[in-house]
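Structural overview
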Amino acid sequence: AQGLIGSSFALGGVPWLALVGQCLFMASFSIGVGPCSFMSASECFPLHLRSCLMGFATGINRCTSGLVAIAFLSLNAALTPAGTFYMFSGVALAGALLIARYVPETRGKALEEITAEGESPVDWTPATLNEMVPPWDPEADCESNKRTQ
């Protein structure tokens, strides 16, 4: 789809080709990469951390989208509009190849099954988590707040 938009610019601005490319992109994103990115992110996190880490993952997703939007005009100036959309096509192709190669199939499995089978790319066992983030001690926190007031 991005390749069609790039070809539209490369051929001197063929409006119908750009329109078809944009419609194909929107349709394929809406039924594919858009919702699947959130679904696959949720499969990486265990139930007791999922809500917090999905919020973080969503924030990263939005920040990345913002960076693409900010960089778009600079990329257009540096690569031409056709080059920019061809670059987007290349990034999408590389992403698809990486997903096909490294993301395990989880169709028909419950989220808890995926975590229990160890298909999650991150080790979320309590021992690992305690090393990463020390447990919260509300008593110590209240005492430190009293001292700073």
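Our subject in this report is the structure included herewith. (Residues numbered from 1 in each chain as written. Predicted model: local features only at pLDDT ≥ 70, side-chain atom pairs only at ≥ 80, totals over all residues. Heavy atoms only, no water.)

**A look at the overall build of the protein chain**
Of regular secondary structure, the protein chain possesses 7 helices and 0 strands. In sequence order, the secondary structure elements of the protein chain are arranged as α-α-α-α-α-α-α. Across the 149 residues that make up the protein chain, the buried fraction comes to 19%. Pairs at least 24 apart in sequence give 46% of the contacts found in the protein chain among residues at least 6 apart. Carbon and sulfur atoms form 71% of the exposed surface of the protein chain, whose accessible area is close to 10600 Å². (Helix = DSSP H or I, 4+ residues; strand = E, 2+ residues; numbered from the N terminus. Buried < 20%, exposed > 50% of the residue type's maximum accessible area, 1.4 Å probe, protein only. Contact = heavy atoms within 4.5 Å. Areas by Shrake-Rupley, 256 points an atom, 1.4 Å probe, with all protein chains shown as cover.)

**With respect to the pattern of salt bridges**
Per the counting criterion, the structure on display carries 1 salt bridge. When the shortest N-O distance is used, the salt bridge between Arg 107 and Glu 105 registers 3.9 Å. Comparing Arg 107 with Glu 105 shows no difference in burial state: the two are exposed. (Salt bridge = Lys/Arg side-chain N within 4 Å of Asp/Glu carboxyl O.)

**Points about helix α1 (residues 2-10)**
All of the buried residues along α1 are Gln 2, Ile 5, Gly 6 and Ser 8. Along the axis of α1, the buried residues cluster in a sector spanning 155°; they form a single face. Each element contacted by the buried residues of α1 is listed here: α2 (15-31) and α4 (47-102). Gly 12 lies just past α1 and shows a positive phi near 95°. (Arc of directions from axis to C-beta.)

**Digging into the packing of aromatic side chains**
Any two aromatic rings considered together are summarised by their centre-to-centre distance and by the angle between their planes. For the coordinates displayed, the defined rule picks out 4 aromatic pairs. Relative to Phe 88, the ring of Phe 85 has its centre 5.9 Å away and its plane inclined at 85°; by these criteria the two rings are edge-to-face. Pair noted here: Phe 85 and Phe 88 are both in helix α4, with a separation of 3 residues, about one helical turn. Classification of Phe 85 as buried rests on a relative accessible area of 12%. Among the aromatic side chains, those forming a connected cluster through ring pairs are Phe 72, Phe 85 and Phe 88. (Phe/Tyr/Trp six-rings, centres within 6.5 Å; stacked < 30°, edge-to-face > 60°.)

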